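# An overview of the molecular structure
As a plain string of letters, each chain reads:
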Amino acid sequence: MNSLVLCEGKTDAILLSYVLINQYGYKPFKDENGDKKNLTPIFNSNLNEYAYWYKNNNSFVLICSVDGCDNISEFFSKYIIPIQKNDYKNENIFEKIVIIRDKDDKTNEEIEEVILSKTNISFLSNKWEKVCIETKFDNINSFFLTYLLIIPIEHSGALEDVVLTAFSEDDNKKIIVEKSCKFIDDIKQDASTYLVSRRLISKAKLGVTLAIMSPEKVFHFIDEMLKNIDWTKYNTIMTTFNVLSELA
Amino acid sequence: MENRINKIFVKNFRGLVDLELNKLNRINVLVGDNNSGKTSFLECIKLISNPNLNNAITMCTTRTKQLRAGSFFTEFINMLPKRDNSGINISCIFDSGNELKYRLNGNVVQTLINPIEMSEYIKIIKFDSMQNISQFNGKIGYDFYNKNTQDIKKNEQEIKLNAFNAFNYRSFKGKSNLMKVAYISPVDYAGINRSFDIIIKNEKYKEIVIESLKIFDPYIEDILYMKDDFGDPIECVKNSKVGIIPLSCYGDGVKKLLSVAGGIASANNGILLIDEFETAIHIKNYDDVFNFVDKACEKFNVQLFITTHSIEAVDELLKIDSLVENSDINFITLRKDYDLNKTVSRTLSAREVRENRKNFDFEVRL
């Protein structure tokens, strides 16, 4: 079975692949026989791309990041719908598709509506939805399941907030998170040239937290730092991405 | 193009079951897995072009050229669908609105045949006893609806075919060419006498073909007949470097192009069927050969059906902008679906295939 997880950015993709590998036993899958080749979208070279297959027994998962939530619907319509429409055999399409995106300041319903209006495919938050699509093979119908995971689940925000919440599970780190957040909140007026959006403010809070926790790696990319954290110890991350357990 | 097939429905023919193709184009590229029915589809067009028993037996033996085969009768029986006695049913609608419905049905019975009858069929062998043999009793026929005149021409022929009379199948009556169709099998380029003749007789076309042959050998100047040691004509190529040499000494690329060029000319205002189009052509020459075929088919007003297994060939066809932009070419994927018990198809425009190839390495052949 093939599943697709579509997320906003490379950071999301790294975390998701971490959970898939370390929590659910998937392994990175190199398509040496070309079996999955025709199911791998090729990104616009302008995008900050990430597309990797993972395999666990007969379950194959493709994680794709599309460089921002604004690109999700367009990417889905341009690359994924043609894949789904050009076949009806399970081995040649995605049977399950999960979109993971940040809640930001929107409601779940608003996000569902935007995706539906742009893709014509129904994605419901935190719920599997069975979708029927007419294929180009003699107009035979094919079916697949969709799922929309909006993070954080409980409140507004983005992936960075989920990570910070995860760090706060540890009392030693909780104080660092709180003080880093307070620092950014205090400075954001003075740094308004840089911290122009809620999203960037969240990134700055995570950046400061990580810089304190790993000062020697402060000049590394955040993604590299995130890769080196044992996320299986953080309940928040495991609970948030619990939907990945249902891809097999 | 009046004679262009617009739609075709194959109820049963060899492995094809309930195949329906609509909006066929000037150029139709058939792709699909092995045994998906690509060759059968070409054969079914050839079959209905001349709906008589003689052609049916000729068609059923086209695949046996390279193999040890049974009798014509065995080949004929195996061309019929196995699942029931409904026989072969094919109907097609032309751009003109004319419609052709072809049928060949019946069943196999056991019958006694006496030595005199047997000897009439096979004169070189003397038989001395009655034999119990299998015989196909059925009918072959067609309805042809002419939209202009609103006439329906009906034709039906009783068939009693067995292993003995099938041996002399060329004696069966029936000249009923309804469509002009030329067929080139993957190995036909090895014997291209007829193609050569057609090209030689059309001086203007010959010049174009010679120009195209330079794809394979820039020193080819002419094609001509010479006489062999016994005075019989043989096909030759004039080369500015090595002189006149028999075509048989040339590589398969030259023979293939001559075969296709002859096929296009002989299908003038009709249909050309090429099985495994890319056979004998080097990948680096695909673009030039395809360009030649496209232009020649357009000039001779020929609807083209080709099969291919080569993704490189597909990609080269997609590079011909004029074909893609003018929507003159379709890619038809055939698939035998055992769950649905039918042959399913997917018809895509070249533009769609090109876009999908670019976006996700789309495998159009499966």
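Residues numbered from 1 in each chain as written. Chains lettered and ligands numbered in written order. Predicted model: local features only at pLDDT ≥ 70, side-chain atom pairs only at ≥ 80, totals over all residues. Heavy atoms only, no water.

### Observations regarding helix 2 (residues 72-85) of chain A
All names here are of chain A. In a regular helix each residue adds 1.5 Å, so 14 residues correspond to 20 Å; helix 2 covers 18 Å between its end C-alpha atoms and thus fits that length. The largest bend in helix 2 is about 30°, located at Y79, with the proline P82 one to four residues further on. For helix 2, the buried fraction is high: 10 of the 14 residues fall into the buried class. For helix 2, the complete set of buried residues consists of I72, S73, F75, F76, Y79, I80, I81, P82, I83 and Q84. (Helix = DSSP H or I, 4+ residues; strand = E, 2+ residues; numbered from the N terminus. Expected span 1.5 Å × (residues − 1). Bend = angle between axes of the 7 residues up to and from the residue. Buried < 20%, exposed > 50% of the residue type's maximum accessible area, 1.4 Å probe, protein only.)

### Some remarks on the packing of helix 4 (residues 159-167) of chain A against helix 6 (residues 198-213) of chain A
Residue and element names in this part refer to chain A. One way to put it is that helix 4 packs onto helix 6 with a least axis distance of 9 Å and a crossing angle of 35°. Seen from above, helix 4 lies across helix 6 with left-handed handedness. Judged by residue contacts, E160, D161, V163, L164 and F167 of helix 4 engage R198, S202, K203, K205, L206, T209, L210 and M213 from helix 6. Residues that form the contact of helix 4 with helix 6 fall into these classes: six nonpolar, two polar and five charged. (Axes fitted to C-alpha atoms, helices over the stretch in contact; angles between N-to-C directions. Left-handed = near helix turned anticlockwise from the far one by under 90°. Contact = heavy atoms within 4.5 Å. Nonpolar A, V, L, I, M, F, W, Y, C, P; charged D, E, K, R; others polar.)

### Observations concerning the sheet that holds strand 1 (residues 2-7) of chain A
Residues and elements named next belong to chain A. Here we have seven strands laid out as an open sheet, ordered 2-3-4-1-5-7-6, and mixed in their pairing. Two strands in the sheet have a free side with no partner beyond their single neighbour: strand 2 (27-29) and strand 6 (129-134). Within this sheet the neighbouring strands show an average axis-to-axis angle of 30°, counted without direction. Pairing of strand 1 with strand 5 (residues 96-102), which is carried by five bridges, proceeds in the parallel orientation. Following the sheet pairing, L6 is matched in strand 5 by I99. Here helix 1 (residues 10-24) sits on the sheet in contact with strand 1, strand 2, strand 3 (50-56), strand 4 (59-65), strand 5 and strand 7 (141-151), set at roughly 10° to strand 3. The sheet strands contacting helix 2 are strand 1, strand 4, strand 5, strand 6 and strand 7, and the helix crosses strand 5 at an angle near 175°. (Pairing = 2+ DSSP bridges.)

### Section: the nonpolar core
Soluble globular proteins: nonpolar side chains tend toward being buried together. All names here are of chain B. Counting residues in hydrophobic clusters, the biggest one holds 83 residues, and the most contacted among them are Y205, I264 and F331. Y205 has contacts with I199, A261, I264, A265, F292, A296 and F300, leaving out every residue within four places of it along the chain. The next biggest cluster of nonpolar side chains, apart from the first, holds 45 residues, and it includes I5, I45, F76 and F94. (Core = buried A, V, L, I, M, F, W, Y, C linked by side-chain atoms within 4.5 Å.)

### Considering the interface of chain A and chain B
The interface is formed by 18 residues belonging to chain A together with 24 residues belonging to chain B. Interface of chain A and chain B: buried area, both sides summed, is about 1600 Å²; carbon and sulfur atoms make up 49% of it. Of all residues in chain A, N86, F137 and D138 of chain A give up the largest surface area on contact with chain B, accounting jointly for 34% of the area buried on that side. Our count for the chain A to chain B interface comes out at five salt bridges. Between K342 of chain B and D138 of chain A there is a salt bridge; the shortest N-O distance is 3.0 Å. The tally of links from chain A across to chain B stands at seven residue pairs in polar contact (both at pLDDT 80 or more). (Buried area = accessible area lost by both parts, 1.4 Å probe. Salt bridge = Lys/Arg side-chain N within 4 Å of Asp/Glu carboxyl O. Polar contact = N/O pair within 3.5 Å; in protein donor to acceptor, adjacent residues only side chain to side chain.)

### What about helix 9 (residues 311-318) of chain B?
All names here are of chain B. With six of eight residues buried, helix 9 is to be regarded as a mostly interior element. Regarding helix 9, the residues found buried are I311, A313, V314, E316, L317 and L318. Summarising the contacts, the buried residues of helix 9 are in contact with strand 3 (27-32), helix 8 (286-299), strand 13 (303-307), helix 10 (321-325), strand 14 (329-337) and helix 11 (350-360).

### Some points on the packing of aromatic side chains
Within a pair of aromatic rings, the relevant descriptors are the distance that separates the centres and the angle that separates the planes. Residue and element names in this part refer to chain B. Summed over all chains, the structure comprises 16 aromatic pairs over all chains. The interplanar angle of 55° and the centroid separation of 5.8 Å between the aromatic rings of F41 and F305 together place this pair among those described as tilted. Of this pair, F41 sits in helix 1 (residues 38-49) while F305 sits in strand 13; the two residues are 264 residues apart in sequence, bridging distant segments of the chain. Exposure class is identical for F41 and F305. Each is buried. Seen from their ring centres, F76 and F136 are 5.2 Å apart, and the 70° between their planes marks the pair as edge-to-face. (Phe/Tyr/Trp six-rings, centres within 6.5 Å; stacked < 30°, edge-to-face > 60°.)

### Re the domain arrangement of chain A
Residues and elements named next belong to chain A. Annotation of chain A at the domain level lists domain 1 (2-154 + 239-246) and domain 2 (159-235). Taken over C-alpha atoms, the centre of domain 1 sits 27 Å from the centre of domain 2. Both sides together, the interface formed by domain 1 and domain 2 hides about 1400 Å², and carbon and sulfur atoms give 63% of it. Interface area lost by domain 1 to domain 2 is led by I14, L15 and Y18, which between them contribute 38%. In this structure, D102 and R199 form a salt bridge, with 2.7 Å as the shortest nitrogen-oxygen distance. Run the count over domain 1 and domain 2 and you get eight residue pairs in polar contact (both at pLDDT 80 or more). Contributing elements (two or more residues each) for the side of domain 1 that touches domain 2: helix 1 and helix 8 (235-240). Examining the composition of the side of domain 1 that touches domain 2, we find that eight residues originate from one element, helix 1, more than from any other. When the residues that make up the side of domain 1 that touches domain 2 are grouped by side-chain class, the tally is six nonpolar, five polar and six charged. (Domains from an automatic or database assignment.)

### Focus: unusual backbone geometry
Omega for the peptide link from I151 of chain A to P152 of chain A comes to -5°, which places this bond in the cis form. Position of P152 of chain A among the secondary structure elements: in the loop between strand 7 and helix 4. One non-glycine residue with positive phi stands out, namely K23 of chain B, at about 50°. Here K23 of chain B shows up in the loop between strand 2 (16-21) and strand 3. Looking at K23 of chain B, the relative accessible area reads 67%, which means it is exposed.

### Quick notes on the pattern of salt bridges
Under the definition given, this model contains 35 salt bridges over all chains. Close ionic contact of R335 of chain B with D87 of chain A constitutes a salt bridge, the shortest N to O distance being 2.8 Å. A residue pair is termed interchain when its members come from two chains, as with R335 of chain B in strand 14 and D87 of chain A in the loop between helix 2 and strand 5. We classify D87 of chain A as buried; its relative accessible area is 5%. The salt bridge involving R198 of chain A is made with D105 of chain A; its shortest N-O contact spans 3.2 Å. Linking R198 of chain A in helix 6 with D105 of chain A in the loop between strand 5 and helix 3 (108-119), this pair joins segments that are 93 residues apart in sequence.

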